[in-house]
Each structure stands twice: as structure tokens, then as C-alpha cells.
Amino acid sequence: MNDYILTVLVLAGIYAIIAVGLNIFTGYTGQISFGHNAFAAIGGYTSAILTTDRGWPPLAALFAGALLAVVAATLVGYPTLRLRGHYLAMATLALGLISYVLSVQLEGLTRGFTGISGIPPLGIGALVMTTPRAYFVLVWLLVAAAAGSAWLIVHSRLGLSLRAIRGGEDAARALGIDVTRYKVQALAISAAYASVAGSIFGHFVSYISPEAFGLYMVVLLFTMLFVGGIGTTLGPVVGALVIGSLPEVLSGFKDYRELIYAAVLIVILLFAPRGVLGLVARRPAARPGT
Amino acid sequence: MSALLSVASLTKSFGGLRAVRTVSFDVTAESITALIGPNGAGKTTVFNLVSGFLRPDGGRVHFAGANVTGRAPREMAKLGLVRTFQRVQLFADMTVLDNVLTGAHLHTRGGLPAALFRPPATRAERARVETAARRLLERVGLGARASDPAGTLAFGQQRLLEIARALAARPRLLLLDEPAAGLNPAETQRLGALIESVRNEGLSVLFIEHDMNLVMTIAGRVVVLDFGEKIAEGAPDDIQRHPRVLEAYLGVEEPA
């Protein structure tokens, strides 16, 4: 594989990690977040600032970013996750917009629209990742770890509680489940995935700017979830691969690319609302009385 | 015998509608009590007030000796009061077994670290809870459906699953909101036997029901509501002959 294809696959893998995390919050817990770009931005900017200006080692900065994203998700989660449906969608959308504005306005930290360049490559000590091939291997190992850890979470007591909230909040409450606390936890967990992916993105591209973490990221993430299959283990990964490589597949149709995206999304929503994997998976015979 | 649940002067209004007015009654330990009344009498509102889904405007709820008025549903569940819903509320996309496993939430432990690292204690607990859940499913006749999504069950089976899930929470008092609604006669009979066997194991059951046959067969005590007020309370035989109950059900005075 040449470097160009590897680069496309690395970027798709980075998106896959965010999508796997978002799937825990949206697919399994049943909550909407249109603000996940904020958590990727926290990871990206924390890594960029700490490794350029402060000289932190990349791995330490990555963990610092994830910690910060978890703290931010918890602080934002407690007031907003009492909201349901449209209200939660609006609140999280605002979160994504605010993070964008902050990344533009806090020029002392983020250098505004100019962005931060010269982010060093990932590495531990003398072991530095210099080639797209190295990133490809690392990112897809991380995708596997992300999907594996998500599977473990979903198939645990924690996962039962999250899925119960999606199934019915009142019933979950009646069984003693602390609904708000578990929603916040799901948001915090998914924020950590997004933050780690954001950090890796910065190191891989060596440059970040507000545009890298704009609302378009949210549009892409949801397209990936719906195309791959929301609420399935591998759906987000498949979706990220398909949507992440579409621009290259469609590179001959540059002018019509967005149009083709939209058409693909509409077709999926109409004919395969459970995504590509939903078509393949064994389906329940009927779903009466829900 | 002291009461397990004691409701005193419970009152709740919705805007101008006084849904529950100064209702008082007791549920003793190891008993089966029915809450009956015409549609709109306030039965489900009483359930919501007792289980913490609504806050009363006035009155008190005592459970197991403590004043629990206005406590959240989760705290009531912790104390041992678990309810089902008039409109069955299953986790439809989850399997039948996972629904019952979720019922055991309060009797299990472990968050994110346990999920990721699966220590022996977590695995042992999971095995124990799963055995108990499968036993509950056998008991309500759903053993063969354990791996099916709950949403694929027939309606009567969904009601039984909801009860099995509530039992997995190991309540001291089980609140059932119209458990026989939508059940065929055979299923209703099975339900009656289940409620009695649960009582024989030391639980108390308070249930709302329109099926008078079931009420008269299994209830030790009957509380009758009409227009938000308690109009009668007593043994099933007395209730059947009570003039105000007959009036409420036959509609002698009320406009249609």
C-alpha cells in the first residue's frame, strides 16, 4: 500500500475510534450528542499545546487530554443530561459550537485561526513514529482496542445499566439504577475515546486548527454510525471505513461529492436504518408492542 | 402485626383535578392487597406516589418503619419496594435474560474497571446472578425464551417477564399495576399462582387490578378507590357486598 492510501486509512481509523466511543453514548445509552467534536478538540489541543510549547512527552500529553475531556464531560454532563431528546441535542450542539469559538478566540493558547503547527510525532523516548505505515499499525491496533473495550463495557453490569436507560428510563429507575449518573459516565467514557483520537490526529498531521474539529466532524460521525450500524460492536468501524474512504472512491466526482454523501445517507436511513451490519445480522422476527 | 407499607392522608392534585384525596391504608407483611376502583379513580397515581415517581402534595408514606415520603424511585427500590407498570416497560431490544439480569442491579457491583478487567469476583457474581435469573425465567415459564429480544415476546409473556425482572431486584414489597391486563384466562391463573407463591416466600404484594375474579381469589385485603378517595377497605367477601362499592361500579349516582 502506498503512503496516500495508508494516510486515508489512518484518518478513517482515527474517526473510527471517536465513532466507537460515540456509539457507547448514542447507540447503547440512547443519548444524543452533537457536541463530540468538543472532546476531540480537547484532546487535539491539549496534546498540541503541551508537546510544542511545554515540551511534554506525547504520551503524557495524550493522557492529560483524555483526563481533561473526562472532567469536561462530567461537568457538562450533570446539568445537561437531565434534559431529554431535542433539548439534549440542542445543549450538546451548543457545546460543540462553544468549543469551536473557544479554539478560535483563546489565541494565547490556541493561536486562533492560524492553528498550531510543528506538533511532534508520537513516540516514547527515542522510539518515534515517522512513517504513515507506523501510524497505520498503531491506529488500527487502537481501533481494535477501542472496539474490544466497548464490547466489554456493553456486556457488563455497567453496559446492562446503559442499555436499560436506552430501553426505558422509568423502568431503569424503578430497578434502582441511578440514571443521571450512568448517563454522565457514558458521556465521560465516550469523551475519552474522542480525546485520544483527537490527540493522535494532531501528532499524525503535525498541525491542528479550529476547522479540524468543526461541526462537520459531527455530521461525519453520525453518517458513519448510521451507515455502519448504530448500537452494534463493529458498526462504527465499518461506517468509518466506508465514509472515510468515500472521498477517495469518489475523487473523480469532486463537484458532486457532498451530494453523493447525502444520497448515501438517505438511502441507508430509508432502507437499512440499522446500518450495513444491521442488514447482515440476524434480525428479530418481529418487534410488536414496544 | 405492624404494617410494611403505611399510607396516611395521601393527597395529590394535577392542576384543578384532585387525583388522590387523603387516602390512607396499610399493607401488612407477607400479604396480598388489591387496589381496585373504576378507571380514573387514582389507583396508578397512588402507585406513583408510593414508588417515588410523583411527589405527594400532602400526607405521608412509611415503608419498613421509616418515613419515605417523596423519596426517589431509586431509593425506594433500594429499600425493597419495586414496581411494574400499567404499560409494560421492558427493555425491548435487550434479551429476555438481560432484562432479568438488569433487575439484579442493586444486588451486584462493579463499574468500568470490573467491565474492562473482569476480575474473578465479577465473573463469579455474574454466574451466580445468571443462575438466579434463569431460575426466575423458568418460574414464569419463559426459560426457553432467554436469548430472544424481549420485544419479540407475546404481550402476556411481556407482563410475566416484567414481574420476573422486578423479582430479580429481591423486593420486600412488589407493586404490580394491572398485571392481568391483556392476559388470557390460563395466563391469569398462572399469574395468580405466581403472586401467591411469592407471598408464601415472605414478600408482600400490592396490586391494581380490574379482573375481579383474580382479586377475589388471591387478595387477603381489598382497598377501593373512587374519584381519588378511599370508599371502602376490607376482606374480599365484604367488599363484594359493600354498598358504596356497588354504587361506584354500577354507576348509580355518577353521570355517564
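Residues numbered from 1 in each chain as written. Chains lettered and ligands numbered in written order. Predicted model: local features only at pLDDT ≥ 70, side-chain atom pairs only at ≥ 80, totals over all residues.

Moving on, we get to the confidence of the model for chain B. Residue and element names in this part refer to chain B. Confidence along chain B averages 93 in pLDDT terms, with 97% of residues attaining 70 or more. The least confident element of chain B, judged by mean pLDDT, is helix 10 (residues 243-250) at 84; the most confident is helix 3 (residues 96-103) at 98. Two summary scores accompany this predicted model of the complex, namely pTM at 0.90 and ipTM at 0.92. (pLDDT = per-residue confidence, 0-100. Helix = DSSP H or I, 4+ residues; strand = E, 2+ residues; numbered from the N terminus.)

With 166 residues, the main nonpolar core has A:Ile17, A:Ile18, A:Ala19, A:Ala197 and B:Ala164 as its most contacted residues. The greatest single-element share of this core, amounting to 14 residues, is contributed by helix 1 (residues 3-28) of chain A. Discounting residues that sit within four places of it in the chain, A:Ala19 has contacts with A:Leu221, A:Met224, A:Leu225, A:Pro236, A:Gly239 and A:Ala240. (Core = buried A, V, L, I, M, F, W, Y, C linked by C-beta atoms within 7 Å. Buried ≥ 20, exposed ≤ 12 C-beta atoms within 10 Å, placed from the backbone. Contact = placed C-beta atoms within 7 Å.)

With that settled, the discussion passes to unusual backbone geometry. With a phi close to 70 degrees, A:Ser206 is a non-glycine residue in the positive phi region. Its location among the elements puts A:Ser206 in the loop between helix 9 (179-205) and strand 4 (207-208). A positive phi angle is found at B:Glu178, which is not glycine, with a value near 50 degrees. Relative to the helices and strands, B:Glu178 resides in the loop between strand 7 (173-177) and helix 7 (185-200). Among the residues examined, B:Glu178 registers 20 C-beta atoms within 10 Å and is labelled buried.

Quick look at the interface of chain B and chain A now. On the side of chain A, 28 residues touch chain B, which itself brings 33 residues to the contact. At the level of secondary structure, the elements contributing two or more residues to the side of chain B that touches chain A comprise helix 2 (73-79), strand 6 (81-83), helix 3, helix 4 (112-117) and helix 6 (155-168) of chain B. Of the residues in the side of chain B that touches chain A, the class split is 17 nonpolar, 11 polar and 5 charged. (Nonpolar A, V, L, I, M, F, W, Y, C, P; charged D, E, K, R; others polar.)

All names here are of chain B. Counting buried residues in strand 9 (residues 221-226) gives 6 out of 6 residues, a clear majority hidden from the surface. Of the two faces of strand 9, both are covered, the one formed by Arg 221, Val 223 and Leu 225 as well as the one formed by Val 222, Val 224 and Asp 226. Pairing analysis gives 4 bridges linking strand 3 (residues 32-36) to strand 9, with the strands arranged parallel. Residue pairing in the sheet places Leu 35 in a bridge with Val 223 of strand 9. In this sheet, strand 10 (residues 229-234) lies alongside strand 9 in antiparallel orientation, the contact comprising 5 bridges. (Pairing = 2+ DSSP bridges.)

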